[in-house]
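Structural overview for review
What follows is the residue order along each chain.
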Amino acid sequence: MTASPHAAVHLAQLNVATLRHPLDDPRVAPFVELLDPVNAAADTAPGFVWRLVEEGAPDATALRPAGENVIVNLSVWEDREALWDFAYRSGHLEVMRRRREWFARHVEAHMVLWWVPAGHLPTVEEALERLADLRTNGPSPRAFTFASAHTAGEAARQPEGARRTVATPRAATARAARPDDAPEPVGAVPAGDSPV
């Protein structure tokens, strides 16, 4: 049996979401009630590899590396299609449809994809650095979105020395909001391009 050409790599994804209200607020209760079933569905979805959870907890909602009211979702998938199918062709779509009830609209990229060696579990710091790269420099083989996808081969051909200037993750998340009529910034993700 011949190994898949993608067997040596997996797709990592990070998305961040700014809560409109604290997780214990009744207005966010429908989202909180969906967490366990959606996470259980992810854990058994075809192509799922791993997701970040806080030690001793079923999810990562208590981790706040990007800000006090910002939750993070970090996971690894066998390939782009597996993540896409889970995000847009499963019960997770209900969360997507209702996200504006619970999360503020982001004015800059809030989701990033990148290729990792199979078996590598990305750190939150690594993920936030990729998001900062996308926000600062726009899509590239090292930090992209569904709408601007790059192949694992393209990522492998980008030499490590070709790293681009990247703002620190904290600085990237602390940028001032832009007016509603301003154009989308480089690297902005279309409204339907994020799993959260």
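Residues numbered from 1 in each chain as written. Predicted model: local features only at pLDDT ≥ 70, side-chain atom pairs only at ≥ 80, totals over all residues. Heavy atoms only, no water.

In this structure the tally under the stated criterion is nine aromatic pairs. Residues Trp84 and Tyr88 carry aromatic rings whose centres are separated by 4.3 Å and whose planes lie at 40° to one another, so their mutual orientation is tilted. Of the two residues, Trp84 and Tyr88 both sit in helix α2 (residues 80-88), four residues apart, roughly one turn of that helix. Between Trp115 and Phe144 the ring centres are 6.5 Å apart and the planes differ by 35°, which places this aromatic pair in the tilted class. Taken together, the residues Trp115 in strand β4 (residues 111-117) and Phe144 in the loop between α4 (124-137) and α5 (152-157) connect sequence positions 29 residues apart. (Phe/Tyr/Trp six-rings, centres within 6.5 Å; stacked < 30°, edge-to-face > 60°. Helix = DSSP H or I, 4+ residues; strand = E, 2+ residues; numbered from the N terminus.)

With that settled, consider the environment of Thr136. Assignment of secondary structure puts Thr136 in helix α4. Overall, the relative accessible area of 31% leaves Thr136 in the partly exposed class. Along the backbone, Thr136 and Glu108 are 28 residues apart, and their C-alpha atoms lie at a distance of 9.8 Å. (Buried < 20%, exposed > 50% of the residue type's maximum accessible area, 1.4 Å probe, protein only.)

This paragraph deals with the pattern of salt bridges. Summed over the entire model, instances satisfying the criterion amount to eight salt bridges. Salt-bridge contacts for Asp85 lead to Arg89; the nearest nitrogen and oxygen are separated by 2.4 Å. A salt bridge links Arg135 to Glu108; the shortest N-O distance between them is 3.4 Å. Residue Arg135 is located in helix α4, and its partner Glu108 is located in the loop between α3 (92-102) and β4; the two are separated by 27 residues in the primary sequence. Owing to a relative accessible area of 7%, Arg135 belongs among the buried residues under this scheme. (Salt bridge = Lys/Arg side-chain N within 4 Å of Asp/Glu carboxyl O.)

Counting 28 residues, the largest nonpolar core has Phe31, Trp77, Phe103 and Leu113 as its most contacted members. Elements represented by at least two residues in this core include exactly β1 (9-18), α1 (29-44), β3 (70-77), α2, α3 and β4. Of all the elements, α2 adds the most residues to this core, at five residues. Core analysis: the next-biggest nonpolar cluster, separate from the first, contains 20 residues, Leu14, Val16, Ala60 and Val112 among them. (Core = buried A, V, L, I, M, F, W, Y, C linked by side-chain atoms within 4.5 Å.)

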